[in-house]
Amino acid sequence: MKLLLAVVLAATPVPAAAAAGTNSVVVWNANAQTAIYEVARQGPYVAPRSFAMVQGAVYDAVNAIAGTHYQPYLIAPKAHRGDSADAAVATAAYRVLVSLFPEQSASLDDMYAGSLAAIPDGRSKDGGVAVGEQAADAMIAARVDDGAFGDAAWATGTAPGVWRPTPPTNAADGAWVGGMRPFVIPRNDMFRTAGPPALTGRQYARDLNEVKAIGGATSTVRTPDQTEAAKWWHDRRLAEWEIKRQLAGTQHLSTLQTARMFAMADVANADSLIACFNEKKFWSFWRPVTAVREADNDGNPATTGDPAWTPLLVTPPFPDYTSGHTCSTATVMAALRAFFGRDDLSFSAYSADSGTVRHFDSFSAALDEVVEARIWGGVHFRTADEQGVKIGNGVARYVLSHEFNRRH
């Protein structure tokens with residue numbers, strides 16, 4: 001993996017998408033990012049639901065117009081030869097986004113009007129709009145009362161191994177994610193693991209001593225490249241968003257191919273985060289910042305406490321086990337690998353947090369790095385990262401074996 005330094009100004013997503021071409025799925029995925037993250041600031045454990053809703057509806061709309069060659073996710077609206085796929089994409093995405101963010105209706109109206117203005121009036125445009133409306137309405141109805149933004153709370157405690165809010169924010173958020181109704185998997189706890197290692201065991205001591213040495217804010221073991229990688233992967237403007245849009249362009253995907261690829265990745269990713277957060281809630285395991293500071297009380301003779309230890313990165317506001325980031329990245333990379341039928345595609349993305357572009361020569365290389373990056377940043381134990389990968393891969397296998405496949 002090589003690091004490419006770049007002097008890049010943070011750009012808004014819509015111009016970036018427009019520069020990639022006229023693929024309406026790419027453009028509206030970027031518009032979705034604007035609404036979901038740039039304006040609403042949904043965190044990486046919240047945004048997957050929104051993206052899955054948008055891309056699932058877009059997929060159903062485009063798939064119907066193309067002749068329903070693939071399994072519909074929810075619905076195959078009646079479509080006619082010649083219906084505008086671009087109008088369907090814009091309408092499906094727009095209607096889902098307005099349902100999610102009614103307070104953004106003015107800006108979304110402008111985006112939608114701009115998309116429709118580029119399509120000639122007539123039967124094709126009207127037909128595409130009708131198909132998009134049906135696909136969006138089906139998705140909106142399917143997610144009513146799904147448990148999103150509920151009042152669930154994390155269990156906390158002061159005993160060794162038990163999670164509690166961490167400095168500097170001392171926040172607690174996202175407990176509802178693990179209880180939300182999945183998009184595809186039949187049960188939230190379907191991928192339950194054996195849990196984090198015992199505090200008194202060798203594996204736990206190895207995990208703690210590793211993150212203590214390399215993940216601290218003042219670590220002398222971590223290299224500059226590892227520091228940049230930790231920051232790059234921690235960027236809340238997730239690199240996976242840009243990577244998917246980039247691949248749609250570099251691989252010259254059609255509208256249908258792009259819609260299917262995005263739906264595969266985003267719907268599976270939403271379920272991966274649900275399974276991961278269900279694990280977090282079940283095990284409620286403490287974060288490295290707590291564990292290192294209180295290591296003298298963990299009952300393990302191979303660990304020693306450092307009350308002043310601080311991680312390189314700000315610790316997210318929920319338990320350690322399993323890692324949400326590795327769950328998510330494993331799922332997305334597995335979906336992309338399944339879609340393209342190969343691992344060795346090159347891609348890159350820019351992070352404003354690190355001020356760098358990182359380049360990868362394969363999907364597996366990106367996944368391998370994020371496992372390490374969460375340790376380099378001091379926010380996860382290795383076991384949490386590795387078990388997150390297993391959950392992410394398991395969810396991807398299940399979702400992709402049940403959805404988005406050819407009908408015949």
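To be clear, the structure that these remarks concern was listed above.
Attention here is on the structure that accompanies the text. It should be emphasised that the depicted structure is a prediction, and the values quoted were computed from it without experimental measurement.

With that settled, the discussion passes to the packing of aromatic side chains. In total, this model carries 24 aromatic pairs according to the counting rule given. Judged by centre distance (5.7 Å) and plane angle (25 degrees), the rings of Y45 and F277 are stacked. Of this pair, Y45 sits in the loop between α2 (24-39) and α3 (47-65) while F277 sits in helix α10 (residues 255-283); the two residues are 232 residues apart in sequence, bridging distant segments of the chain. Their ring planes at 55 degrees and their centres at 5.7 Å tell us that Y204 and F381 sit as a pair that is tilted. Of this pair, Y204 sits in helix α7 (residues 202-214) while F381 is found in the loop between α13 (363-376) and α14 (382-402), placing the two residues 177 residues apart along the sequence.

Core analysis: the largest hydrophobic core is formed by 126 residues, its most contacted members being W28, V58, L97, F183 and F404. It is α10 that contributes the most residues to this core, 15 residues altogether. The contacts of L97, once residues within four sequence positions are left out, are W28, A32, A35, I36, V54 and L108.

To continue, consider the packing of helix α4 (residues 85-100) against helix α6 (residues 123-142). Orientation of α4 relative to α6, taken along the N-to-C sense of each, is 35 degrees, at an axis distance of 7 Å. Relative to α6, the crossing made by α4 is right-handed. For the pair α4 and α6, the contacting residues are A87, A88, T91, A92, R95, V96 and S99 in the first and K125, G128, V129, G132, E133, A136, D137 and I140 in the second. Class assignment of the residues belonging to the contact of α4 with α6 gives a composition of seven nonpolar, four polar and four charged.

A few words on α10. Between its terminal C-alpha atoms α10 stretches 42 Å, which fits the 42 Å expected from 29 residues at 1.5 Å a residue. Buried residues dominate α10, accounting for 24 of its 29 residues. One or two positions beyond α10, positive phi appears at S284, with a value near 45 degrees.

Here α4 spans 23 Å end to end across 16 residues, near enough to the 22 Å set by a 1.5 Å rise per residue. By the burial criterion, the buried members of α4 are A87, A88, V89, A90, T91, A92, A93, Y94, V96, L97 and L100. Looking at the packing, one finds that the buried side of α4 touches α2, α3, α5 (105-117), α6 and α10. One side-chain oxygen at the N-terminal end of α4 lies 3.4 Å from the backbone nitrogen of D86; it belongs to S84.

Residue placement: F183 occurs in the loop between α6 and α7. With a relative accessible area of 8%, F183 lands in the buried category. Considering only alpha carbons, one finds F183 and D271, 88 residues apart in sequence, at a separation of 6.2 Å. Filtering out sequence-adjacent residues up to four positions away, F183 remains in contact with R49, A52, M53, Y73, M139, R143, V267, A270 and D271.

Attention shifts here to the pairing of strand β3 (residues 356-360). For β3, the buried fraction is high: five of the five residues fall into the buried class. Residues T356, R358 and F360 line one face of β3 and the alternating positions V357 and H359 line the opposite face, and both faces are buried. Sheet topology places strand β2 (residues 347-351) next to β3; five bridges connect them, and they run antiparallel. Each bridged residue has a counterpart across the sheet, and for S348 the counterpart in β3 is H359. In sequence, β2 turns back onto β3 through a hairpin of four residues, with G355 there showing a positive phi of about 70 degrees.

Locating N23 in the fold gives a position in the loop between α1 (13-19) and α2. Look at N23 and you get buried, because its relative accessible area is 15%. Look past the residues within four positions of N23 in its chain and what remains in contact with it is L253, S254, T255 and T258.

Scanning all chains against the criterion turns up 17 salt bridges. The shortest N-O distance in the salt bridge between R164 and E294 comes to 3.3 Å. With R164 in the loop between α6 and α7 and E294 in the loop between α11 (288-293) and α12 (324-340), the pair connects residues that are 130 residues apart, well separated along the chain. R164 gets classed as buried once you look at its relative accessible area, which sits at 13%. Linking E279 and R192 is a salt bridge whose minimum nitrogen-to-oxygen distance equals 2.6 Å. Taken together, the residues span a long stretch of sequence, with E279 in helix α10 and R192 in the loop between α6 and α7 at a distance of 87 residues. Judged by its relative accessible area of 0%, E279 is buried. On the basis of relative accessible area, R192 is assigned to the partly exposed category, the value being 29%. Put simply, E210, E372, R382 and E386 are held in one network by salt bridges that share partners.

Cut-offs and rules
Residues numbered from 1 in each chain as written. Predicted model: local features only at pLDDT ≥ 70, side-chain atom pairs only at ≥ 80, totals over all residues. Heavy atoms only, no water. Phe/Tyr/Trp six-rings, centres within 6.5 Å; stacked < 30°, edge-to-face > 60°. Helix = DSSP H or I, 4+ residues; strand = E, 2+ residues; numbered from the N terminus. Core = buried A, V, L, I, M, F, W, Y, C linked by side-chain atoms within 4.5 Å. Buried < 20%, exposed > 50% of the residue type's maximum accessible area, 1.4 Å probe, protein only. Contact = heavy atoms within 4.5 Å. Axes fitted to C-alpha atoms, helices over the stretch in contact; angles between N-to-C directions. Left-handed = near helix turned anticlockwise from the far one by under 90°. Nonpolar A, V, L, I, M, F, W, Y, C, P; charged D, E, K, R; others polar. Expected span 1.5 Å × (residues − 1). Polar contact = N/O pair within 3.5 Å; in protein donor to acceptor, adjacent residues only side chain to side chain. Pairing = 2+ DSSP bridges. Salt bridge = Lys/Arg side-chain N within 4 Å of Asp/Glu carboxyl O.

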